[in-house]
Amino acid sequence: MLKLYGFDVSNYFNMIKLALAHKGLDYDVVTVYPNQEPEFLTKSPMGKVPALETEDGVIVETNIIMEYLDAKYPDKPLYPADPFAQARVKELVKFMELYLELPARRCHPEAFFGGKVSEETRKEVKRALFRGMTGLNRLASFSPYVAGDTFSAADIMFLYSVDLAAGVAHKLYEVDLLDGSTGAKNLMAKLNELPEVQKIAADRKAANKAFVEYVTSFQK
């Protein structure tokens, strides 16, 4: 039995939950927040989540876990078999991670947890998010999925990274990051209608109170 380490509010954890659900794979969840406890560091060297325990050992890093799942369980693939199409999906995944997910994360404390970031950070993130979304609109096809007519790992990254980036843009700058991209808006709505996505969203909502208490405990 696969074991997935992490917590239901983590977008990266939820990416793996959706990948597993898409493939119809059974797994156990081990709820854990990022930490530096020696026992957990034997599974996740940086103490981060998610981590996936398999029959052969533990794998960390979301992109690598998704690629492992596709190689180990090829039914309902997350990546195309054609080398160029596969590279394009990986390109889109990395693009969204670097130019939307990571910049937005700098402002998560203020957007979601009642903290504050500097004005300089706010300005830098705003520029980065709009440049990233403009670039994604050039790179993605949204026909209807990010990489074409088939659901892929790129759609998982889109759902759980662009939505948070859009949340930062809305709360800090009062703008719609998806404005002007009908394809992106339509896809976000389409993905959120999936039963497995709605189940993950319900799990996230149920776990949010405990997570906020966990985060705020470090701010006191």
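Residues numbered from 1 in each chain as written. Predicted model: local features only at pLDDT ≥ 70, side-chain atom pairs only at ≥ 80, totals over all residues. Heavy atoms only, no water.

If you check an unreviewed UniProt entry, the protein chain appears there as Glutathione S-transferase from Paraglaciecola mesophila.

K.L.:
Would you mind going over the overall build of the protein chain in detail, with residue names and values included?
P.N.:
Secondary structure summary: the protein chain contains nine helices and four strands in total. Long-range contacts, defined here as pairs at least 24 residues apart, represent 68% of the contacts in the protein chain between residues at least 6 apart. For the protein chain, the computed accessible surface area is about 11500 Å², with 53% contributed by carbon and sulfur atoms. (Helix = DSSP H or I, 4+ residues; strand = E, 2+ residues; numbered from the N terminus. Contact = heavy atoms within 4.5 Å. Areas by Shrake-Rupley, 256 points an atom, 1.4 Å probe, with all protein chains shown as cover.)

K.L.:
Residue-level account of the packing of helix H4 (residues 83-105) against helix H7 (residues 153-173), with values.
P.N.:
Here H4 crosses H7 at 20 degrees, and the two axes come no closer than 9 Å. As far as their axial angle goes, H7 and H4 are roughly parallel. In this structure, the crossing between H4 and H7 has a hand that is left-handed. On H7, the residues touching Val89, Leu92, Val93, Met96, Glu97, Leu100, Glu101 and Ala104 of H4 are Ala153, Ala154, Met157, Phe158, Tyr160, Ser161, Val162, Ala165 and Val168. The class makeup of the residues in the contact of H4 with H7 is 14 nonpolar, one polar and two charged. (Axes fitted to C-alpha atoms, helices over the stretch in contact; angles between N-to-C directions. Parallel < 35°, antiparallel > 145°, perpendicular 65-115°, else oblique. Left-handed = near helix turned anticlockwise from the far one by under 90°. Nonpolar A, V, L, I, M, F, W, Y, C, P; charged D, E, K, R; others polar.)

K.L.:
Tell me what's going on with a nonpolar patch on the surface, and back it up with residues and numbers.
P.N.:
Together, Leu98, Tyr99 and Leu102 give the surface a local cluster of nonpolar side chains, amounting to about 270 Å² of exposed area. Mapping Tyr99 onto the fold places it in helix H4. (Patch = residues over 30% accessible without salt bridge, like charges linked within 9 Å, V, L, I, M, F, W, Y side chains within 5 Å. Salt bridge = Lys/Arg side-chain N within 4 Å of Asp/Glu carboxyl O.)

K.L.:
Report on the UniProt feature "domain: GST N-terminal" (unreviewed entry) in the protein chain, specifying residues and quantitative values.
P.N.:
Mapped onto this structure's residue numbering, the UniProt feature "domain: GST N-terminal" (unreviewed entry) falls at residues 1-77. Helix makes up 36% of residues 1-77 and strand 23%. Its end C-alpha atoms lie 20 Å apart. (UniProt positions renumbered as here; feature names shortened; annotations may be inferred.)

K.L.:
How would you explain the pairing of strand S3 (residues 51-54) if you had to name every residue and give the values?
P.N.:
When strand S1 (residues 2-6) meets S3, the two strands line up antiparallel, connected through three bridges. Within the sheet, the bridge partner assigned to Leu4 lies in S3 and is Leu52. Sheet topology note: the S3/strand S4 (residues 57-60) ladder contains four bridges and is antiparallel. Within the sheet, the bridge partner assigned to Thr54 lies in S4 and is Gly57. (Pairing = 2+ DSSP bridges.)

K.L.:
Before we move on, can you summarise the sheet that holds S1 with the specific residues and values?
P.N.:
As summarised here, the arrangement of the four strands in space is S2-S1-S3-S4, forming an open sheet in which the pairing is mixed. For this open sheet the edge positions go to strand S2 (27-31) and S4, each flanked by a neighbour on one side alone. Averaged over neighbouring strand pairs, the angle between their axes works out to 25 degrees when direction is ignored. Pairing of S1 with S2 involves five bridges; the strand directions are parallel. Looking across to S2, one finds that Tyr5 is bridged to Val30. Contacting S1 and S2, helix H1 (residues 11-23) runs over the sheet at an angle of about 155 degrees to S1. On top of the sheet, helix H3 (residues 62-72) reaches S1, S3 and S4; it is set at about 125 degrees to S4, its chief contact.

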